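As a plain string of letters, each chain reads:
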Amino acid sequence: MESIEIKTLISLMSKIPGLGPRSARRAILTLLQNPEKKLIPLAEQMLLTAKKIKLCNICGNIDVHDPCLICKDDKREIKTICIVEEISDLWAIERAGTYKGRYHVLGGVLSAIDGITAEDLKVNKLLEVIKKNEVDEVILATSVTVAGQTTSYYISDLLKEEKVKVTRLAQGIPMGGELDYLDEGTIGAALSLRQPVQEN
Ligand SMILES: [Zn+2]
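What counts as what
- Residues numbered from 1 in each chain as written.
- Predicted model: local features only at pLDDT ≥ 70, side-chain atom pairs only at ≥ 80, totals over all residues.
- Heavy atoms only, no water.
- Patch = residues over 30% accessible without salt bridge, like charges linked within 9 Å, V, L, I, M, F, W, Y side chains within 5 Å.
- Areas by Shrake-Rupley, 256 points an atom, 1.4 Å probe, with all protein chains shown as cover.
- Salt bridge = Lys/Arg side-chain N within 4 Å of Asp/Glu carboxyl O.
- Helix = DSSP H or I, 4+ residues; strand = E, 2+ residues; numbered from the N terminus.
- Donors = N, O, S within 2.8 Å, 3.2 Å for Na, K, Ca; no water.
- Tetrahedral: all angles 85-135°; square planar, octahedral: opposite > 155°, others 65-115°.
- Buried < 20%, exposed > 50% of the residue type's maximum accessible area, 1.4 Å probe, protein only.
- Domains from an automatic or database assignment.
- Contact = heavy atoms within 4.5 Å.
- Core = buried A, V, L, I, M, F, W, Y, C linked by side-chain atoms within 4.5 Å.
- Pairing = 2+ DSSP bridges.
- Right-handed = clockwise from strand over helix to strand, strands pointing away.

K.L.:
Sorry if this is basic, but what is going on with a nonpolar patch on the surface here?
P.N.:
Taken together, the side chains of Ile53, Leu55, Ile62 and Trp91 make up a nonpolar region of the molecular surface, amounting to roughly 380 Å² of accessible area. Here isoleucine 53 is to be found in the loop between helix H3 (35-52) and strand E1 (54-55).

Okay, here's the thing in structure tokens:
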């Protein structure tokens, strides 16, 4: 019989995506069996990070700095913006290590059912950054789902007014696939072989 403290820990841990109650119990047990080396450092680091974590007001990335380290990095190309659905996609492209531009994280896709509008995707902020930094290329890296494609058409349509080249990742992203599930080589290739979006 577990105490309320341990039960609460397990229940909190089991809310993490990918961890059900069984894995959560196993993880918590490992931590509890070695509090000095595992539980305390994890708890302290979590608290430290929790107090500092912010959303970047420019790109929507999550970091302990606002603007985030990517937006603050002078060595990164400010005239190229890659548009991704989620922060996990940004992290996946960063892991691939070949992209040297900036990002815009939509935080979702247009969806009438879920009531997600262009305003929720911070499209005005995107347009503002494009004008301010005289961006000359926008890379659409939304998923190949219907909602992802609808969002990408919407954005490319919006950008027709701007003097900006719109490209999209090369073929090779699986249907409904999320960037996070692709290996670094595939992401790098999809980026370097990106195609101009057809005018329609
Ligand atoms: Zn940023």
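Having put the structure on the table, let's press on.
K.L.:
Looking at this structure, how should I read the coordination of the zinc ion?
P.N.:
Tetrahedral coordination by four donors places them ideally at 109.5 degrees to one another around the metal; octahedral coordination by six donors ideally gives 90 or 180 degrees. Looking at the zinc ion, the protein donor atoms are Cys56 (SG), Cys59 (SG), Cys68 (SG) and Cys71 (SG), and they sit 2.3 Å from it. Taken together, the four donor atoms coordinating the zinc ion span angles of 105 to 116° at the metal, a pattern that classifies the geometry as tetrahedral. All donors to the zinc ion come from one chain, and their sequence spacing reads C-x2-C-x8-C-x2-C. The exposure class assigned to cysteine 68 is buried, which follows from its relative accessible area of 0%.

K.L.:
Looking at this model, I keep getting lost on the domain arrangement of the protein chain. Mind explaining?
P.N.:
By a widely used convention, the size of an interface equals the accessible area lost when the partners come together. Its domain assignment divides the protein chain into domain 1 (4-52) and domain 2 (69-196). The C-alpha centroid of domain 2 is placed 34 Å from the C-alpha centroid of domain 1.

K.L.:
Would you mind showing me how to read the environment of lysine 165 here?
P.N.:
Relative to the assigned elements, lysine 165 resides in strand E6 (residues 165-168). Measuring from C-alpha to C-alpha, the distance between lysine 165 and isoleucine 139 comes to 8.4 Å, with 26 residues separating the pair along the chain. Not counting the four nearest positions on each side in its chain, lysine 165 is found in contact with Asp136, Glu137 and Val138.

K.L.:
Is there a simple way to explain the pattern of salt bridges in this structure?
P.N.:
When the charged atoms of two side chains with opposite charge come close together, those side chains can pair. Under the criterion given, the structure shown has seven salt bridges. The salt bridge partner of glutamate 134 is lysine 79, with a shortest N-O separation of 3.6 Å. Remark: lysine 79 occurs in the loop between helix H4 (69-72) and strand E3 (80-84) and glutamate 134 occurs in the loop between helix H6 (123-132) and strand E5 (137-140); sequence separation between them is 55 residues. Residue glutamate 134 is classed as exposed on the basis of its relative accessible area, which comes to 56%. Taking the shortest distance from any N to any O, the salt bridge between arginine 95 and glutamate 184 comes out at 3.6 Å. Of this pair, arginine 95 sits in helix H5 (residues 87-96) while glutamate 184 sits in helix H8 (residues 184-192), and the two are 89 residues apart along the sequence. Residue classification places arginine 95 among the partly exposed positions, given a relative accessible area of 45%.

K.L.:
Hey, could you run me through the nonpolar core in this one?
P.N.:
Looking at soluble globular proteins, one finds that nonpolar side chains tend to be buried together. Counting residues in hydrophobic clusters, the biggest one holds 23 residues, and the most contacted among them are Cys82, Val84, Ile93, Tyr103, Leu179 and Ile187. Of the residues forming this core, the biggest block, five residues, is contributed by H5. Apart from the residues within four sequence positions on either side, valine 84 is in contact with Asp89, Leu90, Ile93, Tyr103, His104, Val105, Leu106, Ala141 and Leu179. Ile83, Leu106, Ile130 and Val164 belong to the second-largest nonpolar core, a separate cluster that totals 18 residues.

K.L.:
Looking at this model, I keep getting lost on the pairing of E5. Mind explaining?
P.N.:
Taken residue by residue, a regular strand's side chains alternate between the two faces of the sheet. Residues Glu137 and Ile139 point to one face of E5 and Val138 and Leu140 to the other, with burial holding for every one of them. Of the pairings in the sheet, the one linking E3 to E5 comprises four bridges and is parallel in character. Counted as the bridge partner of isoleucine 83 is leucine 140 from E5. As judged from the four bridges shared by E5 and E6, these two strands associate in the parallel manner. The partner of leucine 140 across the bridge, within E6, is arginine 168. Assessed by its sense of winding, the connection that carries the chain from E5 through helix H7 (residues 146-158) to E6 is right-handed.

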